[in-house]
Amino acid sequence: MRASTVVAWLLGVGLLAALIALNHPAGVLAALTALGLWLPLAIGFHAVPLLLDVVAWQRLFASPPRLSALFRIRWIAEGMNGLFPVPHLGELLRAQLARRITHTGEAGASVVVDVTLGVATQVLFAAFGLALFGVAYGGSPLLRGLLLAIAILTAGAASFYFLQRAGIFALAAAVVRRVATPVRRWVDVEDAAALDRRVRTLYLRREKVVLAAVWRLAGWVAGAGETFIILYGFGHPISLADAIILESLSHAARTAAFVIPGGLGVQDGALMVLAAQLGFGGEMGLALSLAKRCRELVLGAPALATGYIIELRRRNAATA
């Protein structure tokens, strides 16, 4: 793990700890404990957006694998992304696990395109949330910062797409082989070039890509249901529009701060500021954020354990 990644993770942890310490920790904890059965309901509801994301991913395959297998892989990868202090490590694991259930060589390319569609549709979702926010709170000083976050997302999605069309993986492999001698034997330029070709081929299936994007966007919208359920459990029922504002713009802030694993402190701070703007108070926004973090832990820990068991069985079978 690089030192910069550790520093970024520690910075995020410190920021989150500071937010909790400076915002009446006892009151936030009391709000969380008062959720009662609403918390497991919100945790269980996460299966809905997760399933929609998996359906989007499945649509990218020429010969789609079983939905249940892809769901398990996506769940494990999401757990790793949420709990490990290494950005996007879960996507590498997702490609590796998917390779074992498909023999068409599409696993890696499907993950690359799915991630790209995820960011692209998140831009649309964030723009919709920003439009709702602008209509209701047009004079808010937050608009400039929110526009900046969406601009970063847009630039990132566009850059990643055009780099894929230019053969980014073969180029990256060639650079690594040139400058990183210790890992040269694990980097194959031909394999990277083959991945570039598969990615470009996948983009040519425009109908599949568009359909996958629609499902991906539906997953983002469905995620607002978790926010709605949690705030309802807190005794602060909100409109669907406000739930979309909170969900879309806090996720935009988290993704824009991609250098900090899990958006620690960034997503939480964004929810605090947005909740205060919407009239719920910063403490309620922090409680909402911690409830979401609780969901990441409750679902992520068994996901990682499942991934470990799968890998252990594979190694045992290979050595048998």
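Computed from a prediction, not measured in an experiment: that's the story for all the values here.

Participant: Can you tell me about the overall build of the protein, naming the residues and giving the values?
Facilitator: In terms of regular secondary structure, the protein is built from 14 helices and 0 strands. The order of helices and strands in the protein, counted from the N terminus, is α-α-α-α-α-α-α-α-α-α-α-α-α-α. In the protein, which comprises 320 residues, the share counted as buried stands at 47%. When contacts within the protein are restricted to residue pairs at least 6 apart in sequence, those whose partners lie at least 24 apart make up 74%. Of the roughly 15,600 Å² of accessible surface on the protein, 70% is carried by carbon and sulfur atoms.

Participant: Go over the confidence of the model for the protein, please, and point to the residues and values.
Facilitator: Taken over all residues, the pLDDT of the protein has a mean of 85, while the share at 70 or more is 88%. The secondary-structure element of the protein with the lowest mean pLDDT is helix 1 (residues 3-21), recorded at 66, while helix 4 (residues 47-58) shows the highest, at 97.

Participant: Please give an account of the nonpolar core that cites residues and values.
Facilitator: Counting 41 residues, the largest nonpolar core has Phe133, Phe234, Leu246 and Leu249 as its most contacted members. Broken down by secondary-structure element, the contributors of at least two residues to this core are helix 2 (25-33), helix 3 (38-45), helix 7 (107-136), helix 8 (142-165), helix 11 (206-233), helix 12 (240-256), helix 13 (266-277) and helix 14 (282-319). With sequence-adjacent residues up to four places away left out, Phe234 is seen in contact with Ala31, Leu32, Leu35, Met284, Ala287 and Leu288. Counting 26 residues, the second largest nonpolar core, distinct from the first, contains Ile73, Leu97, Ala107 and Val209.

Participant: Explain the pattern of salt bridges residue by residue, including any values.
Facilitator: Per the stated rule, a full pass over the model turns up 15 salt bridges. Among the ionic pairs, Lys292 bridges to Glu247, the shortest N-O distance being 2.8 Å. With Lys292 in helix 14 and Glu247 in helix 12, this residue pair connects regions lying 45 residues apart in the sequence. Judged on exposure class, the residue Lys292 and its partner Glu247 are both buried. Within this structure, Asp53, Arg74, Glu78, Glu91, Arg94, Asp114 and Arg216 form a network of salt bridges that share partners.

Participant: Go over the packing of helix 4 against helix 11 with me, naming the residues and quoting the values.
Facilitator: In the contact formed by helix 4 and helix 11, the axes pass within 8 Å of each other and the chain directions differ by 170 degrees. When the interaxial angle is binned, helix 4 and helix 11 end up roughly antiparallel. Residues Val48, Pro49, Leu52, Asp53, Val55 and Ala56 of helix 4 lie in contact with helix 11, whose contacting residues are Ala212, Trp215, Arg216, Ala218, Gly219, Ala222 and Gly223. Grouping the constituent residues of the contact of helix 4 with helix 11 by class yields 9 nonpolar, 2 polar and 2 charged.

Participant: I'd like to hear about a nonpolar patch on the surface, residue by residue, with values.
Facilitator: A cluster of nonpolar side chains, namely Trp38, Leu41, Phe228 and Tyr232, defines an oily patch on the protein surface of about 370 Å² accessible area. Those elements that provide at least two residues to the nonpolar patch are helix 3 and helix 11. Looking at where Trp38 falls in the secondary structure, it is placed in helix 3.

Participant: Any details on the packing of helix 6 (residues 89-99) against helix 7? Residues and values, ideally.
Facilitator: At a closest axis distance of 8 Å, the pairing of helix 6 and helix 7 adopts a crossing angle of 145 degrees. The hand of the helix 6/helix 7 crossing is right-handed. Contacts between helix 6 and helix 7 involve Glu91, Arg94, Ala95, Ala98 and Arg99 on the former and, on the latter, Ala107, Gly108, Val111, Asp114 and Val115. Among the residues making up the contact of helix 6 with helix 7, the classes are represented as 5 nonpolar, 1 polar and 4 charged.

Participant: I'd like a description of the packing of aromatic side chains, backed by residues and values.
Facilitator: Tallied over the full model, the rule gives 6 aromatic pairs. Here the aromatic rings of Trp57 and Phe61 are separated by 6.0 Å at their centres, their planes lie at 50 degrees, and the arrangement is tilted. Of the two residues, Trp57 and Phe61, neither departs from the other in class, the shared state being buried. Summarising the aromatic geometry, the rings of Tyr161 and Phe162 are spaced 5.3 Å apart at their centres and angled 70 degrees between planes, so their arrangement reads as edge-to-face. Judged by its relative accessible area of 26%, Tyr161 falls in the partly exposed class. Put simply, the rings of Trp38, Phe228 and Tyr232 touch in pairs and so form one group of aromatic residues. Here Arg94 stacks its cationic end above the ring of Trp57, 4.6 Å away from the centre of that ring.

Participant: Account for the side chain of Asp53, naming residues and giving values.
Facilitator: Counting through the fold element by element, Asp53 comes out in helix 4. What Asp53 contacts, discounting residues up to four positions off in sequence, is Arg74, Asp114, Arg216 and Gly219.

Participant: Mind laying out the environment of Ala31, listing which residues take part and the relevant values?
Facilitator: Relative to the helices and strands, Ala31 is located in helix 2. Looking at Ala31, the relative accessible area reads 15%, which means it is buried. Considering only alpha carbons, one finds Ala31 and Phe234, 203 residues apart in sequence, at a separation of 6.6 Å. Setting aside anything within four residues of it in sequence, one finds Ala31 in contact with Phe234 and Ala287.

Each value, and the rule that gives it
- Residues numbered from 1 in each chain as written.
- Predicted model: local features only at pLDDT ≥ 70, side-chain atom pairs only at ≥ 80, totals over all residues.
- Heavy atoms only, no water.
- Helix = DSSP H or I, 4+ residues; strand = E, 2+ residues; numbered from the N terminus.
- Buried < 20%, exposed > 50% of the residue type's maximum accessible area, 1.4 Å probe, protein only.
- Contact = heavy atoms within 4.5 Å.
- Areas by Shrake-Rupley, 256 points an atom, 1.4 Å probe, with all protein chains shown as cover.
- pLDDT = per-residue confidence, 0-100.
- Core = buried A, V, L, I, M, F, W, Y, C linked by side-chain atoms within 4.5 Å.
- Salt bridge = Lys/Arg side-chain N within 4 Å of Asp/Glu carboxyl O.
- Axes fitted to C-alpha atoms, helices over the stretch in contact; angles between N-to-C directions.
- Parallel < 35°, antiparallel > 145°, perpendicular 65-115°, else oblique.
- Nonpolar A, V, L, I, M, F, W, Y, C, P; charged D, E, K, R; others polar.
- Patch = residues over 30% accessible without salt bridge, like charges linked within 9 Å, V, L, I, M, F, W, Y side chains within 5 Å.
- Left-handed = near helix turned anticlockwise from the far one by under 90°.
- Phe/Tyr/Trp six-rings, centres within 6.5 Å; stacked < 30°, edge-to-face > 60°.
- Lys NZ or Arg CZ within 6 Å of the ring centre and 35° of its normal.

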